[in-house]
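As a plain string of letters, each chain reads:
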Amino acid sequence: MKKYLQRILLGLIAFTIGSVAFFSYAGKPWTVMCPGIQVNDLDTLDKKFHAKISTIIATLESEGFDFNVSSTYRSPKKQQCYYDISKVIKKYTGQNGLTTTTKSCHNNTVDGTPSSLAIDLHYFTGSMDDKIKFYKRLRTLARNAGLTSGGDFSKSNPVWAKYDLGWDPGHVQVKGCSKMVRLR
């Protein structure tokens, strides 16, 4: 019975979060709700990735974009929670939700120390046109640096797809990182 009630509660929470996430990219109650660690510290990035991201960030700042680093390293425990919520979001809305994987490029560690192979950069202010300009510029800079942009992911989110952007346009990762992730 307890497990059944937990699933119902998770379903209701995920549906609510999914609705918030779909309509307002800035609202992120799941970061507080889910156990585990998530940081936005560039020092938790893989060293080679950090160098490329630093160049991208410097370029975006010099071009006047007002953005936030939403996440760098994320613990496997928090990733699992995001995935569980995302499965419910997908079931009820047909949208991807927060993540499509239990093992993320954000979860990478080297000798137990965070060494993320992914970062999330988000543009919360300004008009939708400003956001589109930012995410397209981020995608171009990521591609030019030999990285993968969430703007190139499947166009399953109708909000971003109509602007030719993938479902997670603020996400940037090392190419092929999912095969490189170490959790210990």
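Located above this text is the structure these notes cover.
The model shown is predicted, which means the values in this text are computed figures rather than measured ones.

S.K.: Give me the environment of Arg-182: which residues, what numbers.
M.R.: If you trace the backbone, Arg-182 turns up in the segment after strand S6 (171–174). In this view, Arg-182 contacts Asn-107, Asn-108, Thr-109 and Val-110; residues no more than four positions away in its chain are not counted.

S.K.: Please set out the nonpolar core residue by residue, giving values where relevant.
M.R.: Within soluble globular proteins, side chains that are nonpolar generally end up buried alongside one another. Core analysis: the biggest nonpolar cluster contains 28 residues, and Ile-53, Leu-60, Leu-121 and Phe-134 have the highest contact counts within it. Of all the elements in the fold, those that place two or more residues in this core are helix H3 (47–62), strand S4 (118–122), helix H5 (128–144) and S6. It is H5 that contributes the most residues to this core, six residues altogether. Once residues within four sequence positions are removed from consideration, Ile-53 is found in contact with Leu-42, Leu-45, Ile-119, Leu-147 and Val-172. Counting residues in hydrophobic clusters, the runner-up holds six residues, among them Cys-34, Cys-81, Tyr-82 and Leu-98.

S.K.: Describe helix H4 (residues 76–93), and please don't skip the residues or the numbers.
M.R.: Between its first and last C-alpha atoms H4 spans 25 Å; for 18 residues at 1.5 Å apiece the expected length is 26 Å, and the two agree. Listed as buried for H4 are Lys-78, Gln-79, Cys-81, Tyr-82, Ile-85, Ser-86, Val-88 and Ile-89. Looking one or two residues beyond H4, the residue adopting positive phi is Gly-94, at roughly 80°.

S.K.: Which residues make up the sheet that holds strand S1 (residues 68–71), and what values go with them?
M.R.: Spatial ordering of the open sheet is given by S1-S4-S6-S5, a layout of four strands whose pairing is antiparallel. A single partner strand is all that each edge strand has here, and the edge strands are S1 and strand S5 (147–149). Averaged over all neighbouring strand pairs, the angle between strand axes comes to 30°, with direction disregarded. Each of S1, S4, S5 and S6 touches H3; the most contacted strand, S4, lies at about 10° to it. Running at roughly 155° to S4, H5 makes contact with S4, S5 and S6 of the sheet.

S.K.: Tell me about the packing of aromatic side chains, and name the residues and values.
M.R.: Counting across every chain of the model gives seven aromatic pairs. Centre to centre, the rings of Phe-65 and Phe-134 are 5.4 Å apart; their planes meet at 65°, and the pair counts as edge-to-face. Remark: Phe-134 occurs in helix H5 and Phe-65 occurs in the loop between H3 and S1; sequence separation between them is 69 residues. Ring plane angle 65° and centroid distance 5.2 Å describe the contact between Phe-134 and Tyr-135, whose orientation is recorded as edge-to-face. Take Phe-134: its relative accessible area is 0%, and that puts it in the buried class. For Tyr-135, a relative accessible area of 1% puts it in the buried group. Among the aromatic residues, those joined into a ring-pair cluster are Phe-65, Phe-67, Tyr-123, Phe-134, Tyr-135 and Trp-160.

Parameters at a glance
Residues numbered from 1 in each chain as written. Predicted model: local features only at pLDDT ≥ 70, side-chain atom pairs only at ≥ 80, totals over all residues. Heavy atoms only, no water. Helix = DSSP H or I, 4+ residues; strand = E, 2+ residues; numbered from the N terminus. Contact = heavy atoms within 4.5 Å. Core = buried A, V, L, I, M, F, W, Y, C linked by side-chain atoms within 4.5 Å. Buried < 20%, exposed > 50% of the residue type's maximum accessible area, 1.4 Å probe, protein only. Expected span 1.5 Å × (residues − 1). Pairing = 2+ DSSP bridges. Axes fitted to C-alpha atoms, helices over the stretch in contact; angles between N-to-C directions. Phe/Tyr/Trp six-rings, centres within 6.5 Å; stacked < 30°, edge-to-face > 60°.

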